[in-house]
Amino acid sequence: MNQHIEAAQLDGQTITAGSAAPCAARFEAVTKDYRLDKVKVRALTEVSCTILAGTTTFITGPSGSGKSTFLNILGLVDRPDAGRLELFGADVTGLGDAAAADFRARNIGFIFQSFNLIPVLSLRENVEFPLLRQPMSGRARRDRAAAYLEAVGLGGLMDRRPGEISGGQRQRVAVARALAPEPRLIVADEPTANLDTRTSREIVALLARMQAEFNTTVVICTHETQLIPPHSPVIEIIDGRVV
Amino acid sequence: MIWKIAFRNLVKNARRSVTTALAIGVGGLAALLLGGFVTSIWYGVQTSMIQDQGNLQIYRNGYLEFGAANPEAYTIPDWQAAIDVIRADAALAAEIAVITPRIDLSGVAGNAATGNSKTFIGQGVVAADLAKMRQWDGWNIGEAGLPTGLPEDPASEEVVVGLGMARMLGVCEALAVPDCKDAPEAGAGREADPSAAEYTGLVAGDADLAGITAGGTGQPQLNLMAATTEGVPNIIAVRIAAAKAQAVRALDNAFVLLPFDQARALVFDGSPEATTIMVQIQDPDRADAVKARIQTLLGEAGMDLSAYHFTEVDPTFTRIFGMFAFIFAVVSAVLALVIVFTIFNTVSMTVVERVKEIGTIRAMGFRRGFVGRLFLAESALTGLFGAALALALGVGLSRMVNSAGVQWTPPSNATPLTVRLMVLENPTFAISVLLFLVVIAVLAAVLPTFRAARLNIVQSLQRG
Ligand SMILES: Nc1ncnc2c1ncn2[C@@H]1O[C@H](COP(=O)(O)OP(=O)(O)OP(=O)(O)O)[C@@H](O)[C@H]1O
Ligand SMILES: [Mg+2]
């Protein structure tokens, strides 16, 4: 598995080369509006901030403040209405649908609040699934999926379906699925909201461990501030603005 | 992985998948059976027509256009010469099963015993040749030709009449034809017209006047009167060997099938003329090539003759087949519509249920096309299952129907054919139907799939 990670890092350096402080994401005056029956709802107002590569950054703020909107734009599944976004030194503001998909496939992993595993696939197949976007043999895909399931402690349940395991275990699978393509950025929107406190702590600890082990950049949005380890970088969003 | 997901989702929604596959399967089954029936008509009706008329017919140029008004002017001047030209060609010799002349004629027929007379439409044929033609089964469909009823002796004086003709002449009882009753007081009304009576007397009964005596065989005697090519009235006496139903009622009521030499004696006074030469070909698929070759040979020999496909002479087959093809097209279109709606509905439901999954897949970096393929694969699989179902049911049911031996009389035939639903016997058709099922299953899914692929990722992920 270490070979994969070295490869990813090498790949990363080709883009970040030259920049002194490795910056995973740079928001420049990003504004986002939603239209609800012709009424404009401003979700983000001129948000400017940077997320350092190789960190676990937390996004906090009250409900409806724009955290998810921020993560969606960061994860390239939504586009800003104004402003500029840079990921790993590349301007990704104007990427079209297909180009954004390709960028996500290579660089971004997602972890969702409700796990979003594919119910008809086994745990191993779920982890394998995003690897279909990578140039790998079927065998390499299966081995990689198994390795990551082992890493999140689910090596013994690989052939189960998502419906046959607990919520915490499902989120572990989701973590493995997000990590398996070895992305440079992992975006997690309320990954612990559906879990009890103990399991939530386990998942955050798992993400922190994986982040350290694979040296990715992790951005977690949560309103449970007690989960945030001390000295972690935190971006607080209130009413669509970074404070 | 796409097919795995597609298949497992079909299994997961088993009831819905089965319903959809059944709709496709039953629709396909109907198309296969109806198509099998149309196929059997295609082969069956053509076979019985070829058994009767040959694949090709040679006429004097202009006969088909103007011959009806003035048949004498458009006869083949020397049929033997024309047949000799064709027979001399070595390549054709192997292709041609039967080549034989026929004389079409009409006139008045009368029966001395009953005093009945009426107009007749006759065909003079070489009985042995026609008997051989009736055995033709170029497509190997096992359709048995009916015996002509004519003795093969060229000098025979026996004829065969239509069933309606037998009835009108009042000879049913004498011939012991089943389901045939002589008309009560036949011809009684006609006596009122003195000129008609005179004419009737001439043809029907006054044998002495015509100088002809009836044979003493017990078969009903028949006098046939017609005009020769010179316009001179002529008369022959023959005996009725049998009555056989003809397809068209008007023809059945007037039909007389007589030995070629008798017809020749009646209308051509022994000259080598004939109305047409019928050509029956071993391999029906070679008809066009043989026709072209015959045309060339006749042209080179300087003969004013042309060869026609039997469907050009008699449009009955084209019309029958056209009708069934039309019915098939309409039924297929309706079935296709039902299938399209069913699949559209199924795929739309599936998409709605899996919006969040679509959002997740897109977030993981898969392009729209991948999402599209995911759902199209599901529909294609459903189409395949439906097609397999249609094939299995189609083969099973057609076997059952075929072994039941149901009889059906096509509009062109006098006698019924045994219904044989040709499903597998026409592989091009069967494969086309099955392919069509899969194709419309995929096409019907295109619109809902397209919608799924274009869903907004953020909104799909927000869906509960
Ligand atoms: N699809 C949408 N259509 C319209 N308005 C939206 C949509 N999604 C979000 N909004 C609005 O944008 C604002 C920011 O929403 P967002 O989901 O980013 O908040 P959030 O901080 O993630 O809230 P929560 O903590 O409840 O998840 C809210 O006012 C919300 O109502
Ligand atoms: Mg949110």
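Parameters and conventions
- Residues numbered from 1 in each chain as written.
- Chains lettered and ligands numbered in written order.
- Predicted model: local features only at pLDDT ≥ 70, side-chain atom pairs only at ≥ 80, totals over all residues.
- Heavy atoms only, no water.
- Axes fitted to C-alpha atoms, helices over the stretch in contact; angles between N-to-C directions.
- Helix = DSSP H or I, 4+ residues; strand = E, 2+ residues; numbered from the N terminus.
- Left-handed = near helix turned anticlockwise from the far one by under 90°.
- Contact = heavy atoms within 4.5 Å.
- Nonpolar A, V, L, I, M, F, W, Y, C, P; charged D, E, K, R; others polar.
- Near = heavy atom within 4 Å.
- Polar contact = N/O pair within 3.5 Å; in protein donor to acceptor, adjacent residues only side chain to side chain.
- Areas by Shrake-Rupley, 256 points an atom, 1.4 Å probe, with all protein chains shown as cover.
- Pairing = 2+ DSSP bridges.
- Buried < 20%, exposed > 50% of the residue type's maximum accessible area, 1.4 Å probe, protein only.

1. Some points on the packing of helix α15 (residues 316-353) of chain B against helix α18 (residues 427-453) of chain B
Angle between the axes and distance between the axes are the two parameters that describe a pair of packed helices.
Residue and element names in this part refer to chain B.
Phase 1: At a minimum axis distance of 8 Å, the contact between α15 and α18 shows a crossing angle of 40°. The way α15 lies across α18 gives a crossing that is right-handed. The segment α15 lies against α18, with Phe-328, Ala-336, Ile-339, Val-340, Ile-343, Phe-344, Val-347, Ser-348 and Val-351 engaging Phe-429, Phe-436, Leu-437, Ile-440, Ala-441, Ala-444, Ala-445, Leu-447, Pro-448, Thr-449, Arg-451 and Ala-452.
Phase 2: Looking at side-chain class alone, the contact of α15 with α18 contains 18 nonpolar, two polar and one charged residues.

2. Some details on the environment of Thr350(B)
Phase 1: Structurally, the position occupied by Thr350(B) is in helix α15.
Phase 2: If near-sequence neighbours (up to four positions away) are discounted, Thr350(B) is found in contact with Arg16(B), Phe375(B) and Glu378(B).

3. Comments concerning the site of ligand 1
Phase 1: Around ligand 1, the surrounding shell holds 14 residues, and the nearest of these are Ser63(A), Gly64(A), Lys67(A), Ser68(A) and Thr69(A).
Phase 2: One nitrogen or oxygen atom from the side chain of Gln462(B) is found 3.0 Å from a nitrogen atom belonging to ligand 1.
Phase 3: Considered on its own, ligand 1 offers 620 Å² of accessible surface; in the complex 73% of this is hidden by protein.
Phase 4: At three residues, the largest contribution of residues to the shell around ligand 1 is made by helix α2 (residues 67-74) of chain A.
Phase 5: Across the shell around ligand 1, the residue classes break down as five nonpolar, seven polar and two charged.

4. Here's the deal with the sheet that holds strand β7 (residues 185-189) of chain A
Residues and elements named next belong to chain A.
Phase 1: The six strands are arranged β6-β7-β8-β3-β9-β10 in an open sheet whose pairing can be described as mixed. A single partner strand is all that each edge strand has here, and the edge strands are β6 (108-111) and β10 (241-242).
Phase 2: As paired strands, strand β3 (residues 56-60) and strand β8 (residues 217-221) are joined by four bridges and run parallel to one another. When the bridges of β8 are listed, Thr-57 appears paired with Val-219.
Phase 3: Across the sheet, α2 touches β3, β6, β7, β8 and β9 (234-238), and the angle it forms with β7 is around 155°.

5. Structural notes on the environment of Leu10(B)
Residues and elements named next belong to chain B.
Phase 1: Residue position: Leu-10 is located in helix α1 (residues 2-12).
Phase 2: Judged by its relative accessible area of 9%, Leu-10 falls in the buried class.
Phase 3: Along the chain, Leu-10 and Glu-378 lie 368 residues apart, while their C-alpha atoms are 7.0 Å from each other.
Phase 4: Setting aside residues no more than four positions away along its own chain, Leu-10 makes contact with Ser-17, Glu-378, Leu-381, Thr-382 and Phe-385.

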